[in-house]
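Examination of the molecular architecture
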Amino acid sequence: MRTIVAGNWKMHTDSTGARSLVGALLEKLEGLPNTVEAIVAPPFPYLQRVLDQTRGSRIKVAAQNCHQAEKGAFTGEVSAAMLADLGVQACIVGHSERRQYFGETDAAVGEKVAALLAHGLLPIYCCGERKEERESGRHFEVVTAQLKAGLGELSEADLERIVVAYEPVWAIGTGLTASAQQAQDMHAHLRGLLRSHGSKVAATVPILYGGSCKPDNAAELFANPDVNGGLIGGAALDADQFVAIVRAAAESIG
Ligand code: PEP
């Protein structure tokens, strides 16, 4: 099973900041074993620069979103084909901020996944319940529905080419983290849903945890058998913190 630590920079940094962050990451990752895939997801305007700066290194580059259509009159949007053309390797889809602030539906997110796969990109499919859904005990139901609606149409072969990120919305950017047990319980549930598409799918698809994952809680989260790394927001903007999380992931797999 692959282990991945992906950094979602959201709408942060500028060109100078992006360059120095990537420079520091390249330098600090050098001493670490190559067993963990390190991915950064800068804002669209910096993708090309980050691709140039990371070429030939262990760092992969992801976008934070794409449009589901191949091309067309969709002012302001970016297609999976354009990302592939640039050389971007992965793309976050269905992040809760996209669902909440930009009205992205499960159906649209599913179409984005299909578009990314068609262009050979790795979709990082986000799911996760809101605070009130956890408090009312509906978290498994909500995440099951998201996974089915977003990924249900994919073939087994396509499912083997995705990554799932479990991101409880109440933990994103709040400083609250799912406990190691809460994370493992949901990841095991997700693994079971993937297993219904075949044992190879369940054994192949990494399930990342996201939600205030920091250097001081990463080791505990990654020690869970069904947690295969993390999707990191705030801590991804600091090279020392991001690299410490990559190190924790490397140590979790020995
Ligand atoms: C995220 O937005 O994907 C995320 C996990 O953010 P944070 O680590 O800041 O909670």
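Residues numbered from 1 in each chain as written. Predicted model: local features only at pLDDT ≥ 70, side-chain atom pairs only at ≥ 80, totals over all residues. Heavy atoms only, no water.

Some words on the side chain of glutamate 37
Tracing the sequence through the fold places glutamate 37 in strand β2 (residues 36-41). The exposure class of glutamate 37 is buried, given its relative accessible area of 18%. A polar side-chain atom of glutamate 37 sits 2.8 Å from a polar atom in the side chain of arginine 2. Polar contacts involving the side chain of glutamate 37 include one to the side chain of lysine 60, which spans 3.1 Å. Apart from the residues lying within four places of it in its own chain, the contact partners of glutamate 37 are Arg2, Thr3, Ile4, Val5 and Lys60. (Helix = DSSP H or I, 4+ residues; strand = E, 2+ residues; numbered from the N terminus. Buried < 20%, exposed > 50% of the residue type's maximum accessible area, 1.4 Å probe, protein only. Polar contact = N/O pair within 3.5 Å; in protein donor to acceptor, adjacent residues only side chain to side chain. Contact = heavy atoms within 4.5 Å.)

Section: the site of the ligand
Taken together, 14 residues sit near the ligand, with Lys10, His95, Glu167, Gly173 and Ser212 positioned nearest. Here an oxygen atom of the ligand and a side-chain polar atom of glutamate 167 are 2.7 Å apart. In isolation the ligand exposes 290 Å². Once the protein is present, 98% of that is buried. Taken together, the residues that form the shell around the ligand break down as 4 nonpolar, 8 polar and 2 charged. (Near = heavy atom within 4 Å. Areas by Shrake-Rupley, 256 points an atom, 1.4 Å probe, with all protein chains shown as cover. Nonpolar A, V, L, I, M, F, W, Y, C, P; charged D, E, K, R; others polar.)

Looking at helix α11 (residues 215-222)
The periodicity of an α-helix, 3.6 residues per turn, causes residues three or four positions apart to be oriented the same way. Three or more residues of α11 are buried, namely Asn217, Ala218, Leu221 and Phe222. Projected onto a plane normal to the axis of α11, the buried residues spread over an arc of 130 degrees and lie on a single side. Relative to its buried face, α11 has exposed residues pointing more than 90 degrees away, namely Asp216 and Glu220. Contact partners of the buried residues in α11: α9 (180-195), β7 (207-210), β8 (229-232) and α12 (239-252). (Arc of directions from axis to C-beta.)

Describing the sheet that holds strand β6 (residues 163-166)
Here we have 8 strands rolled up into a closed barrel, ordered β1-β2-β3-β4-β5-β6-β7-β8, and parallel in their pairing. Averaged over all pairs of adjacent strands, the angle between strand axes in this sheet comes to 30 degrees, irrespective of strand direction. Looking at chain direction, strand β1 (residues 3-8) and β2 are connected through 6 bridges and run parallel. Paired with isoleucine 4 across the strands is glutamate 37, a residue of β2. Each of β2 and β3 (59-63) is contacted by helix α2 (residues 47-54), which is oriented at about 170 degrees to β3, the strand it contacts most. Helix-sheet contacts for α9 involve β5 (122-127), β6 and β7, and the interaxial angle to β7 is about 150 degrees. (Pairing = 2+ DSSP bridges. Axes fitted to C-alpha atoms, helices over the stretch in contact; angles between N-to-C directions.)

What to know about the pairing of β3
Of all 5 residues that make up β3, 4 are buried, and the element is covered over most of its length. In terms of strand pairing, β2 meets β3 through 3 bridges, oriented parallel. Note that in β3 the partner of isoleucine 39 across the bridge is lysine 60. Tracing the backbone out of β2, into α2 and back to the parallel element β3 gives a crossover that is right-handed. Bridging between β3 and strand β4 (residues 90-93) involves 2 bridges; their strand directions are parallel. (Right-handed = clockwise from strand over helix to strand, strands pointing away.)

Points about α2
All of the buried residues along α2 are Leu47, Val50, Leu51, Gln53 and Thr54. Down the axis of α2, the buried set is contained in an arc of 165 degrees. They therefore lie on one face. Next to the buried residues of α2 lie α1 (15-29), β2, β3 and α3 (80-86). At the exit of α2 stands glycine 56, carrying a positive phi of roughly 80 degrees.

As for the packing of α1 against α2
Between α1 and α2, the least distance of the axes is 10 Å, while the angle of their chain directions is 25 degrees. Comparing the axis directions of α1 and α2 gives the class roughly parallel. Taken as a pair, α1 and α2 cross one another with a handedness that is right-handed. Residues Ser15, Ala18, Arg19, Val22, Gly23 and Leu26 of α1 form the contact with α2, whose participating residues are Arg49, Val50, Gln53 and Thr54. When its residues are assigned to classes, the contact of α1 with α2 shows 4 nonpolar, 4 polar and 2 charged. (Parallel < 35°, antiparallel > 145°, perpendicular 65-115°, else oblique. Left-handed = near helix turned anticlockwise from the far one by under 90°.)

Examining the packing of aromatic side chains
For the coordinates displayed, the defined rule picks out 1 aromatic pair. Between the NZ or CZ atom of arginine 98 and the centre of the ring of phenylalanine 102, over which it lies, the distance is 4.2 Å. (Phe/Tyr/Trp six-rings, centres within 6.5 Å; stacked < 30°, edge-to-face > 60°. Lys NZ or Arg CZ within 6 Å of the ring centre and 35° of its normal.)

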